[in-house]
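Given next are the chains, with one letter for each unit.
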Amino acid sequence: NIDEVAERIGAVNTIVNDDGVLKGYNTDWLGVVIPLEKITSLKNKRVALIGAGGAARAVAYGVTRRGSRLTVFNRTIVKAQELAKEFGGDARSFDVIEEVRNMDIIFNATSVGLYIKEFITDKHIVFDAIYVPCETRLLREAKEQGARIICGMEMLLQQGIAQFKLYTGLDVPEGTMRDVLLEYLN
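My aim in this report is to walk through the structure given alongside it, one point at a time.

Conventions used here
- Residues numbered from 1 in each chain as written.
- Predicted model: local features only at pLDDT ≥ 70, side-chain atom pairs only at ≥ 80, totals over all residues.
- Heavy atoms only, no water.
- Phe/Tyr/Trp six-rings, centres within 6.5 Å; stacked < 30°, edge-to-face > 60°.
- Helix = DSSP H or I, 4+ residues; strand = E, 2+ residues; numbered from the N terminus.
- Buried < 20%, exposed > 50% of the residue type's maximum accessible area, 1.4 Å probe, protein only.
- Pairing = 2+ DSSP bridges.
- Axes fitted to C-alpha atoms, helices over the stretch in contact; angles between N-to-C directions.
- Contact = heavy atoms within 4.5 Å.
- Right-handed = clockwise from strand over helix to strand, strands pointing away.
- Disulfide = S-S within 2.5 Å.

1. Section: the packing of aromatic side chains
Here comes step 1: Tallied over the entire structure, the rule returns two aromatic pairs.
Here comes step 2: Taken together, a centroid distance of 5.3 Å and an interplanar angle of 90° make the contact between Trp29 and Tyr61 edge-to-face. Note that Trp29 is positioned in helix α2 (residues 28-37) and Tyr61 in helix α3 (residues 54-65), a separation of 32 residues in sequence. Side by side, Trp29 and Tyr61 carry an identical accessibility label, which is buried.
Here comes step 3: Considering the side-chain rings of Phe107 and Phe127, the 4.6 Å spacing of their centres and the 45° angle between planes classify their relative orientation as tilted. With a gap of 20 residues between them, Phe107 in strand β6 (residues 105-108) and Phe127 in strand β7 (residues 125-128) connect regions that are remote in the sequence.
Here comes step 4: Residue Phe107 is classed as buried on the basis of its relative accessible area of 1%.

2. Points about the sheet that holds strand β5 (residues 90-93)
Here comes step 1: If you trace the six strands from one edge of the open sheet to the other, you get β5-β4-β3-β6-β7-β8, paired in parallel fashion. Because the sheet does not close on itself, it has two edges, and the strands there are β5 and β8 (148-150). Across the sheet, the axes of successive neighbouring strands diverge by a mean angle of 20°, strand direction being ignored.
Here comes step 2: Sheet analysis places β6 next to β7, joined by four bridges and oriented parallel. Bridge pairing links Phe107 to Phe127 in β7.
Here comes step 3: Against the sheet, α2 engages β6, β7 and β8, with an angle of about 150° to β7.
Here comes step 4: Packed on one face of the sheet, helix α4 (residues 77-86) meets β3 (46-50), β4 (69-74) and β5 and runs near 165° to β5.

3. Some points on the side chain of Thr136
Here comes step 1: Tracing the sequence through the fold places Thr136 in the loop between β7 and α5 (137-144).
Here comes step 2: A relative accessible area of 7% means that Thr136 is categorised as buried.

4. Re the pairing of β5
Here comes step 1: Relative to β5, β4 is paired through four bridges, and the arrangement is parallel. Bridge pairing in β5 links Val72 to Ala91.
Here comes step 2: Handedness of the crossover joining β4 and β5 through α4: right-handed.

5. Examining the side chain of Thr27
Here comes step 1: Tracing the chain through its elements places Thr27 in the loop between β2 (21-25) and α2.
Here comes step 2: Contacts of Thr27, omitting those with residues within four sequence positions, involve Asn13, Thr14, Gln159, Ala162, Gln163 and Leu166.

6. Thoughts on the state of the cysteines
Covalent bonding between the sulfur atoms of two cysteines is what defines a disulfide.
Here comes step 1: Going through the model one piece at a time under the given rule, you end up with one disulfide.
Here comes step 2: In this model, Cys134 is linked to Cys151 through a disulfide, with the two sulfur atoms separated by 2.3 Å. Residue Cys134 is found in the loop between β7 and α5, and its partner Cys151 is found in the loop between β8 and α6 (152-168); the two are separated by 17 residues along the sequence.

7. Concerning the pairing of β3
Here comes step 1: Counting buried positions along β3 yields four of five residues, so the element is predominantly enclosed.
Here comes step 2: Two elements, β3 and β4, share five bridges in a ladder whose sense is parallel. Looking across to β4, one finds that Leu49 is bridged to Val72.
Here comes step 3: With α3 bridging β3 and its parallel neighbour β4, the resulting β-α-β unit is right-handed.
Here comes step 4: Where β3 lies against β6, four bridges are found, and the strand directions are parallel.

This is how it looks when you write it as structure tokens:
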């Protein structure tokens, strides 16, 4: 049995055993939207999603569900087009990566990131899915440009909090979970 959100994203990252009935969920999208919504509304925001793999699907789902306008940038334009079409966005190749300068939020969902410092301004929010190291080159350069940054650890933390709730039915204090996660990552 698969939750409709996990089905839409195309991935399960949490399986709950409810009296012998297994149900699959996806909490990654919450790991994306919760940190962003702590600092801005996602309604009508222009989101540049860099990458079109598995993590990108959760990002695409989350930001479009919250009313953002999505543009997927990917090395392979066909993959960008497939993801963008599925979630009602636009697709671009890395050849026009400078277009990120016109976006409100830049989300890196690749394992490497790109050199885009010259296109980042103090008007951007830059979120990197990579959580080790917390301050990636992309985030360090974005901070130098005056952008607001969100470390990938925030995505990991928020999706983990949602998982804990699914597993136990209990809320976990965010501060406690953050402390445990920081201790583990360090």
